[in-house]
Amino acid sequence: MKPEKVPFYAGMEAGGTKFVCMVASGPEDVRAQTSFSTTKPEETLGRALAFFMAHEPFGAMGIGTFGPCNLNPDSPAYGRLSTSIKPGWKEANMLEPFRQVFDVPMGIDTDVNVAALGEYTWRAGQGTEVLLYLTVGTGIGGGGIINGRMMHGLFHPEMGHIRVPRFEGDRFPGICPYHGDCLQGLASGPAMEARWGKKAADLPIDHPSWRMEAYYLASAVNNYICTLSPNRIILGGGVMNQKHLFPLIREEAKRLLNGYIQLPLIMKKIEEYIVPPGLGDRAGVLGAIALARQKAEGR
Ligand code: ADP
Ligand code: ZN
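Because the structure is a prediction, the values reported are computed rather than measured.

Engineer: Just checking my understanding: could you explain the overall build of the protein chain for this structure?
Structural biologist: Along the backbone of the protein chain there are nine helices and ten strands. Relative to the globule expectation of 19 Å for 299 residues, the C-alpha radius of gyration of the protein chain, 19 Å, shows essentially globular dimensions. Along the longest, intermediate and shortest principal axes, the C-alpha atoms of the protein chain span 55 × 45 × 35 Å. The burial tally for the protein chain puts 53% of its 299 residues in the buried class.

What follows is the structure, given as structure tokens:
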């Protein structure tokens with residue numbers, strides 16, 4: 001007997017550096033995929049639109065975007081970016097160009113909420129009640145899943161803009177245009193580059209920058225553990241390609257918690273608690289496929 005035909009969905013990860021577009025039913029069944037640099041809104045959204053038009057039909061569409069972005073379906077500005085730090089993208093609408101062309105259910109959310117949904121659906125986040133996904137790249141962003149739903153509320157989480165105590169002796173003013181030395185201002189990829197005069201990827205692993213980076217990320221993780229009580233924390237994004245950061249962050253997070261949370265998962269098995277994305281660099285775009293599937297199912 002032939003297996004039942006699996007519906008395909010359109011997924012788009014809109015990042016500040018690049019866009020990734022995919023038509024798939026899941027990680028094991030990808031019909032088409034492409035990626036290209038983020039340039040101007042008309043050009044980049046136009047390329048995405050052309051890709052999806054060439055790969056119809058699909059049953060629904062999901063988008064994970066950099067932000068901040070209006071996620072209120074009742075607002076006339078639904079899908080529109082606001083204070084984006086990406087030049088030229090302020091007020092670009094990430095959803096509208098697709099709504100005008102495709103008559104299918106659509107969903108849009110933050111890149112990190114969507115990546116969390118991908119991991120929750122297929123990999124490192126399965127079975128969690130509270131899941132946190134943090135990306136450390138051009139910016140720092142955090143999102144997640146609580147009881148199967150992406151985190152919303154007043155707006156959407158902006159976990160990269162929290163304040164963390166200074167690493168001893170660090171006088172770097174930080175590069176966040178809004179806050180200077182918030183977490184993103186101190187510890188994003190561009191912050192590392194501005195502080196050390198070298199791209200993060202070119203800093204040797206014994207460079208003092210990594211201990212400082214691990215301290216800032218562990219401080220943030222400590223704060224999220226104490227506020228959100230996540231069952232698992234996934235760290236992704238370009239900077240986390242430096243795999244040696246994981247043990248440094250885990251040890252530093254344990255040191256900062258200082259035995260206060262007496263759970264074996266933290267005390268003895270923290271390598272199963274603070275983990276890389278199981279979908280690797282496809283977490284974002286496959287999360288968009290998972291979001292599309294939710295929309296197709298009316299969730
Ligand atoms: P974006 O956040 O724009 O979607 P990324 O997650 O790839 O994209 O983040 C890009 C940032 O990550 C840049 O600041 C870059 O310097 C840094 N980065 C990318 N690859 C590496 C690497 N292998 N090691 C350290 N930093 C990296
Ligand atoms: Zn900030």
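Engineer: Would you mind going over the coordination of the zinc ion (ligand 2) with me for this structure?
Structural biologist: Note on metal geometry: ideal angles are 109.5 degrees for four donors arranged tetrahedrally and 90 or 180 degrees for six donors arranged octahedrally. For the zinc ion (ligand 2), the protein coordination sphere consists of His-161 (ND1), Cys-176 (SG), His-179 (ND1) and Cys-182 (SG), at 2.1 to 2.4 Å. Note that the zinc ion (ligand 2) binds four donor atoms; their angles at the metal cover 101 to 120 degrees, and the shape is tetrahedral. Each donor residue of the zinc ion (ligand 2) lies on the same chain, and together they follow the pattern H-x14-C-x2-H-x2-C. Under the relative-accessibility criterion, Cys-176 is labelled buried at 7%.

Engineer: Explain the state of the cysteines to me, please; I cannot follow it from the model alone.
Structural biologist: Where two cysteines share a covalent bond between their sulfur atoms, that bond is called a disulfide. Within this structure, the stated rule accounts for zero disulfides. No disulfide involves Cys-21; its sulfur sits 16 Å from that of Cys-69, the nearest cysteine. Residue classification places Cys-69 among the buried positions, given a relative accessible area of 2%.

Engineer: Could you clarify how one ought to interpret the pattern of salt bridges in this entry?
Structural biologist: Where charged atoms from two side chains of opposite charge approach closely, those side chains can pair. In total, this model carries nine salt bridges according to the counting rule given. A salt bridge links Asp-170 to Arg-195; the nearest nitrogen and oxygen atoms lie 2.6 Å apart. Highlighted residues: Asp-170 in the loop between β8 (149-150) and α4 (183-187) and Arg-195 in helix α5 (residues 189-196), separated in sequence by 25 residues. Here Asp-170 and Arg-195 have matching classes, each one buried. With its nearest N and O atoms 3.5 Å apart, the salt bridge here joins Lys-199 to Glu-193. Residue classification places Lys-199 among the partly exposed residues on the basis of a relative accessible area of 48%.

Engineer: Please explain the packing of α5 against helix α6 (residues 208-228) as it appears in this structure.
Structural biologist: Packed helices, taken two at a time, are described by the angle between their axes plus the distance between the axes. Between α5 and α6, the least distance of the axes is 12 Å, while the angle of their chain directions is 140 degrees. On the basis of the axis angle, α5 is oblique to α6. Relative to α6, α5 is oriented so that their crossing is right-handed. On α6, the residues that touch Met-192, Arg-195 and Trp-196 of α5 are Ser-209, Trp-210, Met-212, Glu-213 and Tyr-216. Split by residue class, the contact of α5 with α6 holds five nonpolar, one polar and two charged.

Engineer: Would you take a moment to explain unusual backbone geometry for this structure?
Structural biologist: When glycine is set aside, most residues are seen to have a negative phi, and most peptide bonds are trans. A cis geometry characterises the amide bond from Glu-56 onward to Pro-57, with omega recorded as 0 degrees. Here Pro-57 shows up in the loop between α1 (41-54) and β4 (61-65). Cis rather than trans, the peptide bond between Gly-67 and Pro-68 has omega equal to 0 degrees. With respect to the helices, strands and loops of the structure, Pro-68 is situated in the loop between β4 and α2 (96-99). Notably, Asn-147 is not glycine yet its phi reads approximately 50 degrees, a positive angle.

Reading the values: rules and limits
- Residues numbered from 1 in each chain as written.
- Chains lettered and ligands numbered in written order.
- Predicted model: local features only at pLDDT ≥ 70, side-chain atom pairs only at ≥ 80, totals over all residues.
- Heavy atoms only, no water.
- Helix = DSSP H or I, 4+ residues; strand = E, 2+ residues; numbered from the N terminus.
- Rg over C-alpha atoms; globule rule 2.2 N^0.38 Å.
- Buried < 20%, exposed > 50% of the residue type's maximum accessible area, 1.4 Å probe, protein only.
- Donors = N, O, S within 2.8 Å, 3.2 Å for Na, K, Ca; no water.
- Tetrahedral: all angles 85-135°; square planar, octahedral: opposite > 155°, others 65-115°.
- Disulfide = S-S within 2.5 Å.
- Salt bridge = Lys/Arg side-chain N within 4 Å of Asp/Glu carboxyl O.
- Axes fitted to C-alpha atoms, helices over the stretch in contact; angles between N-to-C directions.
- Parallel < 35°, antiparallel > 145°, perpendicular 65-115°, else oblique.
- Left-handed = near helix turned anticlockwise from the far one by under 90°.
- Contact = heavy atoms within 4.5 Å.
- Nonpolar A, V, L, I, M, F, W, Y, C, P; charged D, E, K, R; others polar.

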